[in-house]
Amino acid sequence: MSKVAIVGYGLTKFSKDDFKIESVLINATKNLFDSTSNLNQKDIDAVLVSTNNNSKYLSAILSEMMGIQPKIAHSVESLCNSGTNSIVAAYSYIVSGLAELVLISGAEKYDSPGQILEWDKLRGQFKHPIFWASIFSKSYKRKYSITDEDIALVSVKNHKQSKNNPNAFSQISVSVNDVLNSKKLTDDLRLLDCSRPCTGGASILLASENIYKKFTDDPIWITGIGQKTTSASFTKNLAFHTMESTKQAALSAFQMSKQNPNNIDVVEVHDAFSVCEPMALDSIGFTKLGEGMKMVKEVYLTENSKINPRGGLIGSGHPLGATGIAQTIEITQQLQSKAGKRQVDNANVGLIHNMSAAATSSTVLVLEN
Amino acid sequence: MNFESELKKGNFLISECIHCKIIVWPPSEFCNQCLNENSWRKCSRKGKIIEFSKQKETYFCVAEFEKSIKIMGEIVSGEPKIAGQIYIVDCGIVNENYFLKMRVLE
Ligand SMILES: [Zn+2]
């Protein structure tokens, strides 16, 4: 199978700004062009846009505004893992030979319609994500004898790490007490346990092995892809203390890349809510089930930022369609040793975990330098 | 759909495939295994609490019925316990959302 490299990227700052979705896509892509050498619009075979925004024909609009006339242009939507779904689509276009170079841009606005899955009537009146997050949190705490204080550490760590990320939504430090004393949304969830919807964009450029050299001396290879969708309804999850779709996606990604959890030097996990971080670490297989919090504590106490170095979704903010791409850019920069103050030592193999709708769908990517 | 028109009247139905002998959930006109038409029947109003939490004074839970289907709703009386029995006292549709009110069975 031919190989696919990440050869360029661009981000916008994540904020509460009320920019037009088209402007966010264009700004992230302009930053990609500015930072990628030898990139000519004529080289781009496909333009994919990932977003939950209601605006239409965004890939054609982005192409026109950037002076690109691609062969393939369309949007990709899958709620919160739209971003990695678009990366997987781009990968497939390249491996199939339909494209040599694919531009992907993900963007969202702070008031995205992707925050609530209206279709899922089985949630009753409890449709807002804070309710599934409360059920996950309660279940995880009960099953593994974990406290609110324990879980609050995820938010403390990710807020701390986002202070080294100039594009992050949050630039503040918080303590365990700040988290516990923040607004109580339910008995099992505080405001500072939540990632915040925001406005932001992330663009990334994928190339075949025939042409990657034109754009970079530092290609990062996508060596593993795993995806699994178990359902759409939250209540169809088999259990609420583990992520079945993540387990299966991780197995596939490890199998394809011939890597295993012990080889992963740096990881971005989908901490939509603080409990999701230890749950994802368990489900990916970094720890035994129920020991994800131990791993979080250990890295925090040793000042190791290998889990969510850019601050995760909690610190960086969560512009849904951009999130999976921003996570992938972070791992790319880490493997290129270009992550600045966030740099993790000896990062050669990295992993991205991006999921949707209460873990009913997951993507896991493995990247290598 | 049968399910919603009956739910509006306060009846909680489930769709069942007589060929596959399974309850199809979420409620659907067709079986998601054999794709034949489902039949409808009243669901037992007695269920079990799988998980719960609380917002202000309101307990909400994931409840399981007929040892098979799960749905979220509100607990209007009693103190919930994991695996505790509950009973549907009211159900319907408000603002296009389903609602389920349950009481804890002592
Ligand atoms: Zn059937």
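Since we're looking at a predicted model, the values are computed, not measured.

### A look at the domain arrangement of chain B
All names here are of chain B. Each assigned domain of chain B is listed with its residue range as follows: domain 1 (3–42) and domain 2 (46–104). On the side of domain 2, twelve residues touch domain 1, which itself brings twelve residues to the contact. Carbon and sulfur atoms make up 74% of the surface buried where domain 1 meets domain 2, a total of about 1000 Å² over both sides. Interface area lost by domain 1 to domain 2 is led by Leu7, Phe12 and Trp25, which between them contribute 51%. If you look at where domain 1 meets domain 2, you find one salt bridge.

### Describing the pairing of strand β8 (residues 220–229) of chain A
Pairing geometry for strand β1 (residues 4–11) of chain A and β8 of chain A, over two bridges, is antiparallel. In the sheet register, Ile6 of chain A faces β8 of chain A, and the bridge partner there is Ile220 of chain A.

### Comments concerning the pattern of salt bridges
In total, this model carries 20 salt bridges over all chains according to the counting rule given. Arg142 of chain A is paired through a salt bridge with Glu51 of chain B; the nearest N and O atoms lie 2.4 Å apart. Of this pair, Arg142 of chain A sits in helix α4 (residues 129–144) while Glu51 of chain B sits in strand β4 (residues 46–55), on two different chains. One salt bridge connects Glu6 of chain B with Lys9 of chain B, and the closest N-O pair in it is separated by 3.1 Å. Classification of Lys9 of chain B as exposed rests on a relative accessible area of 58%. Several salt bridges share partner residues, and in doing so they unite Lys141, Asp148 and Asp188 of chain A into one network.

### Describing the nonpolar core
Residue and element names in this part refer to chain A. Counting residues in each nonpolar core, the largest one holds 57 residues, and the members touching the most others are Trp132, Phe136, Phe234, Phe273 and Leu351. Looking at which element gives the most residues to this core, the answer is α4, with eight residues. Setting aside residues up to four positions removed in sequence, Trp132 forms contacts with Arg123, Phe234, Phe273, Cys276, Met355 and Ala358. Counting 35 residues, the second-largest nonpolar core is a separate cluster that includes Tyr9, Ile204, Val266 and Leu365.

### Focus: the coordination of the zinc ion
Residues and elements named next belong to chain B. Looking at the zinc ion, one finds its protein donor set to be Cys17 (SG), Cys20 (SG), Cys31 (SG) and Cys34 (SG), positioned 2.2 to 2.3 Å from the metal centre. For the zinc ion, the four donor atoms are set out with angles of 101 to 114° between them, so the coordination reads as tetrahedral. Each donor residue of the zinc ion lies on the same chain, and together they follow the pattern C-x2-C-x10-C-x2-C. Taken together, the residues span a long stretch of sequence, with Cys17 in strand β1 (residues 13–17) and Cys34 in the loop between β2 (22–24) and β3 (39–42) at a distance of 17 residues.

### A word on the environment of Tyr110 of chain A
All names here are of chain A. By secondary structure assignment, the location of Tyr110 is in the loop between β4 (101–108) and α4. Given the relative accessible area of 26%, Tyr110 is considered partly exposed. Put simply, Tyr110 and Asn237 are 127 residues apart on the chain and 28 Å apart in space, counted from C-alpha to C-alpha. Those residues within four positions of Tyr110 in sequence are excluded, and the remaining contacts are Lys16, Asp17, Asp18, Gln115, Pro197, Cys198 and Thr199.

### With respect to unusual backbone geometry
In the segment running from Trp25 of chain B into Pro26 of chain B, the intervening peptide bond is cis, with an omega of 5°. Assignment of secondary structure puts Pro26 of chain B in the loop between β2 and β3. With a phi angle near 55°, Lys258 of chain A is a residue other than glycine that sits in the positive phi range. The topology assignment puts Lys258 of chain A in the loop between α7 (244–257) and β9 (266–268). For Ser337 of chain A, which is not a glycine, the phi torsion comes out positive at approximately 55°. Along the chain, Ser337 of chain A falls in the loop between α11 (320–335) and β10 (349–356).

### A few points about the sheet that holds β8 of chain A
Pairing between the strands of a sheet is mediated by backbone hydrogen bonds and can be parallel or antiparallel. Residues and elements named next belong to chain A. The nine strands lie next to each other as β3-β2-β4-β7-β1-β8-β11-β10-β9, forming an open sheet whose pairing is mixed. Two strands bound the open sheet, and with one partner strand each, they are β3 (72–76) and β9. Neighbouring strand axes in the sheet, compared pairwise and without regard to direction, differ in orientation by 25° on average. Across five bridges, strand β2 (residues 46–50) lies against β4 in parallel orientation. Residue pairing in the sheet places Leu48 in a bridge with Ile104 of β4. In this fold α7 packs onto β8, β10 and β11 (361–368), with an angle of close to 145° to the strand it touches most, β8.

### Remarks on the environment of Ser96 of chain A
Residue and element names in this part refer to chain A. If you trace the backbone, Ser96 turns up in helix α3 (residues 82–96). The class of Ser96 is partly exposed, set by a relative accessible area of 48%. Between the alpha carbons of Ser96 and Ser2 there is a distance of 8.7 Å; along the sequence they are 94 residues apart.

Calculation rules
Residues numbered from 1 in each chain as written. Chains lettered and ligands numbered in written order. Predicted model: local features only at pLDDT ≥ 70, side-chain atom pairs only at ≥ 80, totals over all residues. Heavy atoms only, no water. Domains from an automatic or database assignment. Contact = heavy atoms within 4.5 Å. Buried area = accessible area lost by both parts, 1.4 Å probe. Salt bridge = Lys/Arg side-chain N within 4 Å of Asp/Glu carboxyl O. Pairing = 2+ DSSP bridges. Helix = DSSP H or I, 4+ residues; strand = E, 2+ residues; numbered from the N terminus. Buried < 20%, exposed > 50% of the residue type's maximum accessible area, 1.4 Å probe, protein only. Core = buried A, V, L, I, M, F, W, Y, C linked by side-chain atoms within 4.5 Å. Donors = N, O, S within 2.8 Å, 3.2 Å for Na, K, Ca; no water. Tetrahedral: all angles 85-135°; square planar, octahedral: opposite > 155°, others 65-115°. Axes fitted to C-alpha atoms, helices over the stretch in contact; angles between N-to-C directions.

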